[in-house]
Amino acid sequence: MVSLIPSPDTVMQTLTRTGAFRVGHFVYPTGKHSPHYFQMPLAFRYYDTARVLAVALSRKFRLERDISSQLPKIAIISPSSGGIPVAFGVRDALSAEQIYWAEREADGKRMFRQYVNQGEVNPCIIVDDIIRSGHALEETAALVKELGATIIGCGAIVRFTSAPDHLEDVPIKALVEFDAHMYDNADLCTDCKENAPVEHVRF
Ligand SMILES: [Zn+2]
């Protein structure tokens, strides 16, 4: 099979062009500082770009025998709203049967929609737009187990190298492995030392 997976550089060019990746001096709501900022939905607002990224990620899954042999009886699962366009794109490319997504309730708990456990739940691939800490994946994996389903794949467009590279024994696929620089506070931030203007970001 010819591999048509774009290189990490090509993916980063796409993310930069669409505004999904920015370079500057950013302060997160947690108080952390960083010279980089990802806002992945900006790449997924363009249908053609969304399709190219999702198809590329799907190819990494298709190469896995344990996944390709179980198609189409697979569910693609998103931990949050940001991963929904990725989930639909990957589902489309793999012709997988099901899609679920989790959402955060008012109390902050991650949940699937009620009654989703009724009916057959296929083996799952969890996909997200970006993996920063891996916490969303771990919470979603726990929900998948509550449904009685197995996890056979996991991946995202971008994974921070500080995040886990496996979800339990499943390797995490990513189009870009990004070495993110995060400073816990202004005193540690190199941009602050140079008095670079600050931009506050919401996520
Ligand atoms: Zn700073």
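Residues numbered from 1 in each chain as written. Predicted model: local features only at pLDDT ≥ 70, side-chain atom pairs only at ≥ 80, totals over all residues. Heavy atoms only, no water.

**Some thoughts on the coordination of the zinc ion**
Stage number 1. All of the protein donors around the zinc ion are H25 (NE2), H33 (ND1), C189 (SG) and C192 (SG); their distances to the metal are 2.0 to 2.4 Å.
Stage number 2. What the 4 donor atoms of the zinc ion show is an angle range of 97 to 118 degrees at the metal, which sorts the shape as tetrahedral.
Stage number 3. H33 gets classed as buried once you look at its relative accessible area, which sits at 7%.
Stage number 4. On the basis of relative accessibility, which here comes to 22%, the residue C192 falls in the partly exposed class. (Donors = N, O, S within 2.8 Å, 3.2 Å for Na, K, Ca; no water. Tetrahedral: all angles 85-135°; square planar, octahedral: opposite > 155°, others 65-115°. Buried < 20%, exposed > 50% of the residue type's maximum accessible area, 1.4 Å probe, protein only.)

**Quick word on the side chain of Q98**
Stage number 1. Following the sequence through the fold, Q98 ends up in strand β4 (residues 98-101).
Stage number 2. Q98 sits in the buried class, given a relative accessible area of 15%.
Stage number 3. Only 3.2 Å separates the side chain of Q98 from the backbone nitrogen of N122, close enough to count as a polar contact.
Stage number 4. Each residue touching Q98, except ones within four places of it in the same chain, is listed here: I74, A75, I76, R91, E120, V121 and N122. (Helix = DSSP H or I, 4+ residues; strand = E, 2+ residues; numbered from the N terminus. Polar contact = N/O pair within 3.5 Å; in protein donor to acceptor, adjacent residues only side chain to side chain. Contact = heavy atoms within 4.5 Å.)

**Focus: the nonpolar core**
Burial of nonpolar side chains together is a common tendency in soluble globular proteins.
Stage number 1. L15, F38, I157 and V158 are the most contacted members of the largest nonpolar core, which has 36 residues in total.
Stage number 2. For this core, the leading source of residues is helix α3 (residues 47-62), giving 6 residues.
Stage number 3. Those residues in contact with L15, other than ones at most four positions away along the chain, are A20, F21, F38, M40, A43, L53 and V158. (Core = buried A, V, L, I, M, F, W, Y, C linked by side-chain atoms within 4.5 Å.)

**Overview of the pattern of salt bridges**
Stage number 1. For the structure on display, the rule yields 10 salt bridges.
Stage number 2. Here K73 and E120 are joined by a salt bridge, their closest N and O atoms 3.9 Å apart. Of this pair, K73 sits in the loop between α4 (65-68) and β3 (75-78) while E120 sits in the loop between β6 (110-111) and β7 (124-131), placing them 47 residues apart in sequence.
Stage number 3. A residue is classified by how much of its surface remains accessible, and E120, at 52% relative accessible area, is exposed.
Stage number 4. A single salt-bridge network, built from bridges that share partners, covers K73, E97 and E120. (Salt bridge = Lys/Arg side-chain N within 4 Å of Asp/Glu carboxyl O.)

**Describing helix α5 (residues 84-94)**
An α-helix turns once every 3.6 residues. As a result, residues three or four positions apart point the same way.
Stage number 1. Those residues of α5 that fall on the buried side of the exposure criterion are I84, V86, A87, G89, V90 and L94.
Stage number 2. Structurally, α5 contributes buried residues whose contacts are with α2 (41-44), α3, β3, β4, β7 and β8 (151-160).
Stage number 3. Looking one or two residues past α5, S95 carries a phi angle of roughly 55 degrees, positive in sign.

**A look at helix α1 (residues 8-17)**
Stage number 1. Buried within α1 are the following residues: V11, M12, T14 and L15. The arc that holds the buried residues of α1, viewed along the axis, is 155 degrees, so those residues lie on one side. Opposite the packed face of α1, turned more than 90 degrees from it, sit the exposed residues D9, Q13 and R17.
Stage number 2. For α1, the secondary structure elements touched by its buried residues are β1 (21-27), β2 (33-38), α2, α3, β8 and β10 (170-178).
Stage number 3. Positive backbone phi, at 85 degrees, marks G19, one or two positions downstream of α1. (Arc of directions from axis to C-beta.)

**A look at the pairing of β2**
Stage number 1. For β2, a buried count of 6 out of 6 residues is recorded, marking the element as mostly surrounded by other parts of the structure.
Stage number 2. Across 5 bridges, β1 lies against β2 in antiparallel orientation. Note on β2: the bridge partner recorded for R22 is Y37.
Stage number 3. In textbook terms, the turn of a hairpin is the stretch between consecutive antiparallel strands, and for β1 and β2 this stretch comprises 5 residues, one of which, G31, has a positive phi near 95 degrees. (Pairing = 2+ DSSP bridges.)

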